[in-house]
Amino acid sequence: MTPVALTIAGSDSGGGAGIQADLKTFSAFGVFGASAITAVTAQNSMRVSAVHLIPAEMVAAQIDAVFADLPVASVKIGMLGNADVIAAVAKSLARHGASGIVLDPVLVATSGARLLPEEALNALVTLLLPRTHLLTPNLPEAAALTNSPIAMNEAAMITQARALLAMGTQAVLIKGGHGAGRQSTDLLVDAGGVTRFDAERLDIGEFHGGGCIFSSAIAAGLAGGCTLIESITQAKHFIARAIAAAPGHGLGSGARLLHSGRSSTRSKQGVIL
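Asker: Quick question: what am I supposed to make of the pairing of strand β8 (residues 183-190) here?
Answerer: The side chains of a regular strand alternate, residue by residue, between the two faces of the sheet. With 6 of 8 residues buried, β8 lies mostly within the body of the structure. One ladder, built from 4 bridges, connects strand β7 (residues 171-174) with β8; its direction is antiparallel. Paired with V172 across the bridge in β8 is V189.

Next comes the structure, spelled out in structure tokens:
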């Protein structure tokens, strides 16, 4: 049976992030993608110029429609917009017994635009984190969620990850892309301990959509039956290839847009690199 993953996120008119990036990533892994749109944004590689939030009841209706018809094996959550939508998503996922939930806590766009109000952070932590299989914050997001300074070393990353575990999520993958050094190190922290995922840091400048693509690649792996470690490993290879290829695409005039093309990594149905 073809694996199915659901993305709950905002629409990016420029195609570099959000729903568009998630669905393209699912497809690259041979996973059928369904979606529930939380917001419509007018944006491109340079800026977010307008945001229209979808009413919470409509977001819930989309989720209900998908679960009523499709065997959803994993869920990727991105931009949520406000506390009402967060509450609606949490209730819907609980109602359908959703599993394999990967939450990418989208707080601020690459361009700097705020995508989740400060007052909605508490709803994210209290309503969604306890239902989350994997939380994937970058360094600034982990700092905001734990109300602490941005981690400057791995010890601080682990401390913040454990604080997030205490909030209810089953596992935390703190991404080191905003850090320094030759290696970009992500740390997975769960009940079993700490697992490192290293990749060479590529100096291509600012790029757009990396968090969306990485988290949806992990969700694709989970949908295909891979373990969490396998899913993160193949997603790390996938996003590294996309970043390495970005300078050659010449797309957009602002932050580089990632375009991975078809993946040679396939969740369970093929080879994990």
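Asker: Got a minute to help me understand unusual backbone geometry in this structure?
Answerer: Although it is not a glycine, N147 sits at a positive phi angle of roughly 55°. Among the structural elements, N147 can be located in the loop between α5 (139-146) and α6 (154-166).

Asker: Would you take a moment to explain the nonpolar core for this structure?
Answerer: I8, V75, I77, V89, L93 and L128 are the most contacted members of the largest nonpolar core, which has 47 residues in total. Once residues lying within four places of it in the same chain are set aside, the contact partners of L93 are I8, I63, F67, V75, I77, A98, I101 and L128. Listed in part, the 30 residues of the second largest apolar core include I218, A235, I243 and L258.

Asker: Any chance you could explain the pattern of salt bridges here in plain terms?
Answerer: Two side chains carrying opposite charge are able to pair once their charged atoms lie near each other. For the structure on display, the rule yields 6 salt bridges. The salt bridge partner of D186 is K236, with a shortest N-O separation of 2.6 Å. A residue pair is termed long-range when its members are at least 10 positions apart, and D186 in strand β8 and K236 in helix α8 (residues 228-249) qualify at 50 residues. For the pair shown, D186 and K236 are each scored as buried. Each of the salt bridges in this network shares a partner with another, and the network as a whole consists of E154, R196 and D198.

Asker: Before we go on, may I ask you to explain the packing of helix α1 (residues 18-28) against helix α7 (residues 210-223) in this structure?
Answerer: Angle between the axes and distance between the axes are the two parameters that describe a pair of packed helices. Here α1 crosses α7 at 40°, and the two axes come no closer than 9 Å. Between α1 and α7, the angle is such that the two are oblique. Note that α1 runs across α7; the crossing there is right-handed. Contact residues: α1 offers G18, A21, D22, T25 and F26, while α7 offers C212, I213, S216, A217, A219 and A220.

Conventions and cut-offs
- Residues numbered from 1 in each chain as written.
- Predicted model: local features only at pLDDT ≥ 70, side-chain atom pairs only at ≥ 80, totals over all residues.
- Heavy atoms only, no water.
- Buried < 20%, exposed > 50% of the residue type's maximum accessible area, 1.4 Å probe, protein only.
- Helix = DSSP H or I, 4+ residues; strand = E, 2+ residues; numbered from the N terminus.
- Pairing = 2+ DSSP bridges.
- Core = buried A, V, L, I, M, F, W, Y, C linked by side-chain atoms within 4.5 Å.
- Contact = heavy atoms within 4.5 Å.
- Salt bridge = Lys/Arg side-chain N within 4 Å of Asp/Glu carboxyl O.
- Axes fitted to C-alpha atoms, helices over the stretch in contact; angles between N-to-C directions.
- Parallel < 35°, antiparallel > 145°, perpendicular 65-115°, else oblique.
- Left-handed = near helix turned anticlockwise from the far one by under 90°.

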